[in-house]
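# Structural features, examined
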Amino acid sequence: MRITIVGTGYVGLVTGACLAELGHQVTCVDLIKERVEQINRGEAPFYEPELPRLLNTVTRQGTLQASTSLPEAMRECELSMITVGTPANADGIDLTAVADAAGQIGTWLHLAAPYHVVTVKSTVTPGTTATLVRSRVEAASRQSLGKFGLCMNPEFLREGAAVTDFRNPDRIVIGQSDQRAGNLAAEMYRGFTCPVIMTTLENAEMIKYTSNTLLATLISFSNEIASLCEAIPGCDVDAVMDAIHLDKRLSPIVNGERIKPDILSYLRTSSGYGGSCLPKDVLALRMFAKHISVSTPLLDAVTEVNTNRPRVVVERIIRTLGSLRNRKIAMLGLAFKPGTDDLRFSPAIEIINHLRQHGAIIHAYDPVALPAAAGIQNEQVILSDSPESAVTDADAAVIGTAWPEFAELDWHTFSNLMKTPYLFDARNAFRDKNWPASLRYIPIGVCIEE
Ligand code: UGA
């Protein structure tokens, strides 16, 4: 199938590369010339494991190409896919780029195959595809829906595991304006064995929001329980959650063996959720609900708990260290989670902001995100090129991102390099490790004994 992808962010490019791997003829369109050239050289313009190798393969075999020319890409094309950004704004979500992409596709629709389906993959609030996208395509093409088809096909790709997620989907959701449109979109995924859900455009849009807001809700629920445990001597949120996870409704026993679904990891405490999706999607759904006069007290609280979490972590540091004025704190990890260099809404950055407000001097290190972090530097935030230099003479170190390599550092030597050997684990990631006696490891979700 000839497919045009509009927008080469991580969703667009990963989707394009994976569809090209399946044998489709894919053209990824972007306005940025340098980005297009980079993709055509088989190079990934951002950090995403597995993508460089895949891009190299599909560009060399010629099933994927990038272009700045939408008309060229649209020639004989059967399906176009909108994968542009939908950033947060005061209204909840900024749909300008989606509307523009729909208009441009409409402009060149006459060049496409006799029957063409416009598919939205960007995360958009319910109703957007059937109203905004439809009207923009119709106005620009002077054709009515039916002459072309509309689909909404949400993505469920985690940053850092996007290629694997594409290749092993839990389900494929296709919202369709009519059966003909849906059938053509489903052709893209021929050969996948997972359930394919054919549904309305609005359900597809809502499924995406429900998926991400559920994850955010589980994290905030766990963090609210953690805050309680932190205030109760004798309580430890991990012990509490370990017991909760054993409920057979959460981890069923199949053929005598307990299955521990991945979802359980969202029922653990942390410094909160971040990234380009969960914070934005919770906010967008809340604002959308407000527009249609539906209250969302649960989702409002999910955001509130998450916003407070980095502050709670810093208050724990202050309870142990006292005043932070001019104290050196080593921040290990900046990305919103391991496996990515993405700093958007990263709880680690929020922790740094709170530490700064208390007068601390932060020396930050991340194994992947240092180039992306250049902009956070100032007189109180210094980027360190190694964990050693970050912890040397520090009053404490904080694990801001659960990079597994942080557990493997030589903490015995590090504790001697530090002024006071405190290690705060803001992700609660390394509780099972045997820490050297010279180091005081302080998890979250546990009452700090005075
Ligand atoms: C999320 C969803 O997981 C994807 O299904 C979805 O497609 C994607 O958003 C999207 O909308 O594009 P992503 O933002 O990459 O993917 O991140 P997750 O791995 O789900 O992590 C989100 C947040 O939850 C992070 O802050 C992470 O640290 C936290 N998290 C993640 C946990 O607290 N525990 C976990 O086990 C996993």
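The text that follows walks through the structure, step by step, so that each part is easy to find. (Residues numbered from 1 in each chain as written. Predicted model: local features only at pLDDT ≥ 70, side-chain atom pairs only at ≥ 80, totals over all residues. Heavy atoms only, no water.)

## Concerning the overall build of the protein chain
- Each helix and strand counted, the protein chain has 15 helices and 16 strands in total.
- Against the compact-globule benchmark of 22 Å for 450 residues, the protein chain has a radius of gyration of 24 Å, which places it among compact chains.
- Taking the principal axes of the C-alpha coordinates as reference, the protein chain spans close to 75 × 50 × 45 Å.
- Within the protein chain, the proportion of its 450 residues that are buried is 54%.
- For the protein chain, the accessible surface area stands at approximately 19,700 Å², while carbon and sulfur atoms represent 53% of it.
- Charged side chains in the protein chain number 41 positive and 50 negative. The centres of these two groups are separated by 2 Å. (Helix = DSSP H or I, 4+ residues; strand = E, 2+ residues; numbered from the N terminus. Rg over C-alpha atoms; globule rule 2.2 N^0.38 Å. Buried < 20%, exposed > 50% of the residue type's maximum accessible area, 1.4 Å probe, protein only. Areas by Shrake-Rupley, 256 points an atom, 1.4 Å probe, with all protein chains shown as cover. Lys, Arg positive; Asp, Glu negative; His and termini not counted. Charge placed at Lys NZ, Arg CZ, Asp CG, Glu CD.)

## Side note on the packing of aromatic side chains
- This model, assessed by the stated rule, comprises eight aromatic pairs.
- Measuring from ring centre to ring centre gives 6.0 Å for Tyr 189 and Phe 192, while their planes differ by 65 degrees; the resulting arrangement is edge-to-face. Phe 192 shares its class with Tyr 189; the two are buried.
- A ring pair is formed by Trp 411 and Trp 435, whose centres lie 6.1 Å apart and whose planes are at 70 degrees; its orientation type is edge-to-face. In this pair, Trp 411 is assigned in helix 15 (residues 411–417) and Trp 435 in the loop between strand 15 (422–425) and strand 16 (440–442), connecting sequence segments 24 residues apart.
- On the accessibility criterion, Trp 411 (2% relative accessible area) is buried.
- Using a relative accessible area of 16% as the deciding quantity, one classes Trp 435 as buried.
- Among the aromatic side chains, those forming a connected cluster through ring pairs are Trp 411, Phe 414, Trp 435 and Tyr 441. (Phe/Tyr/Trp six-rings, centres within 6.5 Å; stacked < 30°, edge-to-face > 60°.)

## Structural notes on the sheet that holds strand 7 (residues 172–176)
- The sheet built from eight strands is open, its strands ordered 3-2-1-4-5-6-7-8 with mixed pairing. Of all strands in the sheet, those bounded by a partner on one side alone are strand 3 (64–67) and strand 8 (196–199). Recorded for the sheet is a direction-independent mean angle of 25 degrees between the axes of neighbouring strands.
- Its contacts with the sheet place helix 6 (residues 129–141) against strand 4 (79–82), strand 5 (117–120) and strand 6 (149–152), and it is angled at close to 140 degrees to strand 6. (Pairing = 2+ DSSP bridges. Axes fitted to C-alpha atoms, helices over the stretch in contact; angles between N-to-C directions. Contact = heavy atoms within 4.5 Å.)

## Some thoughts on the side chain of Thr 217
- As for its placement among the helices and strands, Thr 217 is situated in helix 9 (residues 201–230).
- Within the structure, the side chain of Thr 217 is placed 2.6 Å from the backbone oxygen of Thr 213, a separation counted as a polar contact.
- Setting aside its immediate chain neighbours within four residues, Thr 217 contacts Leu 298, Leu 299 and Val 302. (Polar contact = N/O pair within 3.5 Å; in protein donor to acceptor, adjacent residues only side chain to side chain.)

## Remarks on the site of the ligand
- Close to the ligand lie 20 residues; Glu 155, Glu 159, Lys 208, Ser 265 and Tyr 266 are nearest.
- Interatomic distance of 2.8 Å between a backbone N/O atom of Leu 157 and an oxygen atom of the ligand.
- Here an oxygen atom of the ligand sits 2.7 Å away from a polar atom, N or O, in the side chain of Asn 212.
- If you tally residues by element for the shell around the ligand, the top one is helix 9, at four residues.
- Grouping the amino acids of the shell around the ligand by side-chain chemistry returns ten nonpolar, four polar and six charged. (Near = heavy atom within 4 Å. Nonpolar A, V, L, I, M, F, W, Y, C, P; charged D, E, K, R; others polar.)

## Concerning the pattern of salt bridges
- As enumerated under the stated definition, the model contains 20 salt bridges in all.
- Here Asp 247 makes a salt bridge to Arg 249, at a shortest N to O gap of 2.8 Å.
- One salt bridge in this structure joins Arg 344 and Asp 342, with 2.9 Å as the shortest N-O distance.
- Relative accessible area serves as the criterion here: at 46%, Arg 344 is assigned to the partly exposed category. (Salt bridge = Lys/Arg side-chain N within 4 Å of Asp/Glu carboxyl O.)

## Remarks on the nonpolar core
- If you look at the biggest cluster of nonpolar residues, it comprises 80 residues, and the most contacted ones within it are Leu 19, Leu 51, Ile 82, Val 133 and Tyr 189.
- Tallying contributions element by element places helix 1 (residues 10–21) first for this core, with eight residues.
- When near neighbours in sequence (up to four residues on either side) are disregarded, Leu 19 contacts Ile 3, Ile 5, His 24, Val 26, Met 81, Phe 166, Met 188 and Tyr 189.
- In this structure, Ala 330, Ala 407, Phe 424 and Ala 426 belong to the second largest nonpolar core, which totals 49 residues. (Core = buried A, V, L, I, M, F, W, Y, C linked by side-chain atoms within 4.5 Å.)

## So, the pairing of strand 12 (residues 361–365)
- Burial analysis of strand 12 places four of its five residues in the buried class, the great majority of the element.
- Inspection of the sheet shows strand 11 (residues 328–332) paired to strand 12 by five bridges, in the parallel sense. Across the sheet, Met 331 pairs through a bridge with Ala 364, a residue of strand 12.
- Note: strand 12 against strand 13 (residues 381–383), three bridges, orientation parallel. Considered in strand 13, the bridge of Ala 364 is made with Leu 383.

Everything listed here is a matter of coordinates, which is why it stays silent on function.
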